[in-house]
Amino acid sequence: MSNESFYVTTPIYYVNDKPHIGHAYTTMLADMLARTHRLLGHDTWFLTGTDEHGQKVQEAAAARGVPAQQHVDEFVQRFEELWKRLEITHDDFIRTTEPRHTRVVQAILQDLYDRGEIYQDEYDGLYDVRSETFITERDLPEGCTLDNLPDHVKPIRETNYFFRMGKYQQWLIDYIQENPGFIQPDFRRNETLGFLRKPLEDLCISRPKSRLAWGIELPFDANFVTYVWFDALVNYISAVGYQSDETQFARRWPCQVHLIGKDILTTHTVYWPTMLKAMGVEMPKCIFAHGWWLSGRDKMSKSSGNVVNPLEYADRFGVDALRYFLMAEMTLGQDAAFTEDVFVKRYNSDLANDLGNLTSRVLKMVHTHSEAAVPAPSDGILQDPDAANLWKVVNAAVEGMTAQIEAMRPDLGLADVMTAVREANKYIGLRAPWKQAKEEDKQTLFDTLYMALEALRVCSALLYPVMPAKMKALRHMIGAGEGEPGPEHLRTFGVLPAGTPLIEGEGLFPRVQVKKTEPQAPAPKATKKAENVKEISEIGFEDFGKLDLRTATITAAEKVEGADKLLRLQLDVGGAPRQIVAGIAQHYAPEDVIGKTIVIVANLKPAVIRGVESQGMLLAATQGKRLTLITTAGEMDSGARVG
Ligand code: MSP
C-alpha cells in the first residue's frame with residue numbers, strides 16, 4: 001500500500017436490507033483501516049454507500065404503496081443512522097440513485113456501446129428472480145429440471161444488451177497471475193482462477209423496462225435499464241470524480257483496497273476488472289475478501305433467526321467493545337464465530353482485566369501520590385532495565401500495528417498492543433509502587449508512574465482507531481489532550497508534560513458477568529477397551545443429516561510446500577470451485593488424483609492447514625498404513641448429493 005494515499009471502500013449495501021452484523025463488520029473494518037492510516041499520517045479517503053436499484057427495491061416500494069425514490073430515501077436513513085451510532089468516519093456516502101452516479105454510469109455505457117464493447121442479442125434461457133441473474137440448467141436446485149422449475153426461476157426469451165466480458169478472459173488470468181496482491185487472500189485468488197478455467201461468457205447488462213423499471217436507463221435504448229451490478233460497481237469511481245473531477249480522481253484512484261465479503265467475489269474479481277479494462281481505467285490495487293461471521297458454527301440467516309443485531313451488543317456492552325471484539329476476533333479472510341460467550345470472554349480478559357485494570361491502577365496512584373498531576377520523571381528514567389524493557393515492548397506494538405495493518409491482519413496488530421498493555425501491568429507488579437510510596441524519596445515512585453502513563457499514552461493512540469470514544473476518554477484522563485492522536489508522538493518518549501492535571505473518570509470497561517452455562521457432565525472414564533478402539537456413540541439420523549456429502553471432481557493437485565503429507569486439491573463441485581487440503585500425499589502423487597470423482601464433506605467449517613485454506617474434507621478409507629480414496633462406483637457428475 002502506498003504511503004501517500006489510502007483509498008478504502010466497502011460494498012455498497014442493498015438499501016432494502018435491515019442492517020446486520022455483516023454490514024456493520026465490513027464498515028467497521030474499513031473505518032478501522034481508515035482511522036489507522038490517518039493516525040499514521042496518510043492521505044486517506046473512505047467510501048461507503050447504498051445500492052438502491054433493482055427488482056427487490058421496486059417490489060418493496062410497491063408493497064408499501066410508495067414511489068421507489070421515496071422508499072429508498074426513507075430506507076437509506078437506517079444505514080446513515082447506524083454508521084453514526086457506530087462512530088464510522090466515512091469521507092463520503094454514495095447512493096446509486098444520485099445524479100453524480102447515474103450520469104457516470106450512462107457516460108460509461110455510451111462510451112462502451114460506441115466502441116462496440118456492448119452489443120444487442122437475444123437471450124433464451126432461465127432467469128432467477130430471487131438473485132436477479134440469468135442461470136443455466138446446471139444451477140437449478142436439487143431435484144428440479146427444465147420441466148419442473150422452482151417458483152423463483154422462469155424461462156425467458158428476450159432481447160438484451162451484452163458486455164463483451166468473455167474477450168478479456170486471458171488478459172484477466174494473466175493480470176491476476178502477474179499481480180499476486182490483486183486478489184487477497186491467496187485462496188480467493190485461486191478461487192477466481194478456478195472460475196476462469198471455464199469459458200468466460202459475455203455479461204448481460206440490461207433488463208427490459210417491461211420487467212423492471214427501477215434502474216438507470218440505457219443512454220442508447222430507452223426501453224432498457226442497467227443491470228444492478230453493472231451500475232453498482234461503478235460507484236467506486238463515480239464517487240471520486242471519474243469523468244467529473246480529474247484532480248480528485250487522480251488523487252484517489254487507484255483504490256488501495258476494496259473490502260468485500262466472500263459472497264461477492266466473482267462480481268468484484270471478474271466483472272469489475274474487465275469493466276475497468278474495457279473503459280481503459282487502471283485496476284484497483286487490491287480486492288480483499290473477508291470471511292463470514294457465523295452464529296456459533298452456523299451461517300446467520302433470517303430464516304433461522306440467528307442474525308446478530310449489532311445494535312443490541314452496542315447497547316449492552318458499548319460501541320467500542322463491539323468494535324474491538326470484531327477486529328480482534330476475526331482473522332481476515334477466515335470465518336469467525338460470534339457468540340455471546342466468546343464476546344464476553346474477550347471483553348473481560350482484554351478490556352476489563354488488562355486495559356481497564358492498568359488504567360485504573362495507574363490513575364488511582366497518581367491521584368493519591370502525585371497530587372492528581374503527571375509526575376516529573378528523572379532524566380535517566382529509561383536507563384532502568386525494567387523501564388527500558390517496557391518501552392521496547394511498547395515500541396514493538398507501534399511497529400507491529402503498522403506492519404499488521406499493511407498485511408491486513410488487524411487482529412495481530414491488536415494482539416501486539418495487548419502484549420504491551422500486559423507488559424505495563426507486569427512492570428507495575430515488578431516495581432511495586434505501593435512499596436515505593438512508603439519511601440522517603442518519591443522519585444522512584446514518580447518514575448514508575450510516569451513510565452506507566454507513557455505506555456498508556458502510546459497504547460491508547462494505537463487503540464484509538466478501534467475504540468475511538470473510550471480511547472478519547474482515556475487520553476483525556478491521562479493528560480494526553482483531547483485532540484486525535486497523530487503519528488508524531490508514537491515513537492517519542494516523554495511526551496506527557498509533567499504537572500498536567502489528570503482527571504478521575506469512570507471505570508472504562510466494567511467487568512461483565514459471564515452467563516452461567518449448564519454444568520458439563522463428567523467425561524466417562526476410559527475403559528480398557530477404549531484404549532485401542534475409540535468408542536463411537538450412536539448418533540440419530542438428524543445428526544447424520546447435518547452432513548452435506550457431495551461428489552467432487554479433482555481438477556488440479558499439488559504438494560503443500562514444507563508438508564510431506566499434504567496435497568492441495570482444487571475441486572469442481574457442481575460448477576463451483578473449491579480448495580481442500582488433504583493428508584494423502586504419501587499415498588497418491590498429485591498426477592494420480594487429477595480427474596478422480598471423490599466424496600467430500602462440503603459443509604465442514606473451513607480451516608487453515610499450513611497456511612492454506614481447506615474448504616471441506618475428503619473421505620478416505622484407512623487400514624493400518626493403507627489409504628484409499630472413496631470414489632463413486634459408476635459415472636456421476638460432481639456436486640451430486642451422497643447419503
Ligand atoms: N449490493 C451488493 C454489493 C455491491 S458492491 C458494488 C451487496 N450488498 S449486501 O447488502 O448484500 O452486502 C453484502 C456484504 O455484507 C458482504 O459482501 C459482506 O461484506 C457483508 N456481509 C453480509 N453478511 C455477512 C456476514 N454474516 N458476515 C460478514 N459479512 C457479511 O452484496
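Note that this is a predicted model, so its numbers are computed, not measured. (Residues numbered from 1 in each chain as written. Predicted model: local features only at pLDDT ≥ 70, side-chain atom pairs only at ≥ 80, totals over all residues. Heavy atoms only, no water.)

Caption draft 1: Quick peek at the pattern of salt bridges. The tally for this structure, following the rule as stated, stands at 36 salt bridges. R95 is the partner of E52 in a salt bridge, and the nearest nitrogen-oxygen pair spans 2.7 Å. Of this pair, E52 sits in the loop between β3 (43-51) and α2 (55-64) while R95 sits in strand β4 (residues 92-95); the two residues are 43 residues apart in sequence, bridging distant segments of the chain. Here E52 matches R95 in class, with each residue buried. With a shortest N-O distance of 3.0 Å, R568 and E558 are connected by a salt bridge. Note that R568 is positioned in strand β19 (residues 567-573) and E558 in strand β18 (residues 549-559), a separation of 10 residues in sequence. When its relative accessible area of 18% is taken as the criterion, R568 is described as buried. (Salt bridge = Lys/Arg side-chain N within 4 Å of Asp/Glu carboxyl O. Helix = DSSP H or I, 4+ residues; strand = E, 2+ residues; numbered from the N terminus. Buried < 20%, exposed > 50% of the residue type's maximum accessible area, 1.4 Å probe, protein only.)

Caption draft 2: Here's a closer look at the nonpolar core. Ranked by size, the top nonpolar core spans 111 residues in total, and within it L86, W293, L322, L326, F338 and L355 carry the most contacts. At 13 residues, the largest contribution of residues to this core is made by helix α17 (residues 443-463). When residues no more than four places from it in sequence are discounted, the contact partners of L326 are I21, Y25, M28, W293 and F338. Membership of the second largest hydrophobic core comes to 58 residues, among which are I108, V228, C255 and Y271. (Core = buried A, V, L, I, M, F, W, Y, C linked by side-chain atoms within 4.5 Å. Contact = heavy atoms within 4.5 Å.)

Caption draft 3: Structural detail: unusual backbone geometry. Each neighbour pair has its own omega, and for Q184 with P185 the value is -10 degrees, a cis peptide bond. With an omega of 0 degrees, the peptide bond running from W253 to P254 counts as cis. Mapped onto the secondary structure, P254 falls in the loop between α9 (246-252) and β13 (257-261). Phi at A432 takes a positive value of approximately 45 degrees, unusual for a residue other than glycine. When you line up the elements, A432 lands in the loop between α15 (410-431) and α16 (433-436). The class for A432 is buried, based on a relative accessible area of 8%.

Caption draft 4: Focus on the sheet that holds strand β6 (residues 133-135). In spatial order, the strands read β6-β5-β7-β9; together these 4 strands make up an open sheet with antiparallel pairing. Strands with a single pairing partner mark the edges of an open sheet, and in this sheet they are β6 and β9 (203-204). Both strand β7 (residues 153-163) and β9 contribute to a ladder of 2 bridges, which runs antiparallel. The residue of β9 that forms the bridge with F162 is C204. (Pairing = 2+ DSSP bridges.)

Caption draft 5: Inspection of the packing of aromatic side chains at higher detail. Enumeration over the complete set of coordinates arrives at 34 aromatic pairs. Between Y113 and Y161, the aromatic rings sit 6.1 Å apart at their centres with planes inclined by 75 degrees, giving edge-to-face as the arrangement. With Y113 in helix α4 (residues 99-114) and Y161 in strand β7, the pair connects residues that are 48 residues apart, well separated along the chain. Y113 sits in the partly exposed class, given a relative accessible area of 31%. For Y161, a relative accessible area of 4% gives the class buried. For the pair Y161 and F224, a centre-to-centre distance of 5.2 Å together with 90 degrees between the ring planes defines the contact as edge-to-face. On the criterion of sequence distance, the pair formed by Y161 in strand β7 and F224 in strand β12 (residues 221-226) is long-range, its members being 63 residues apart. Across the pair, F224 and Y161 agree in class, each one buried. Taken together, Y25, W293, Y313, F317, F325, F338, F343, Y347 and F509 form an aromatic cluster joined through their ring pairs. A cation sits over an aromatic face here: K56 above Y14, 5.7 Å from the ring centre. In this arrangement the basic side chain of K470 is found over the ring face of F509, its NZ or CZ atom lying 5.5 Å from the centre. (Phe/Tyr/Trp six-rings, centres within 6.5 Å; stacked < 30°, edge-to-face > 60°. Lys NZ or Arg CZ within 6 Å of the ring centre and 35° of its normal.)

Keep in mind that these numbers describe shape and distance, not what the molecule does.
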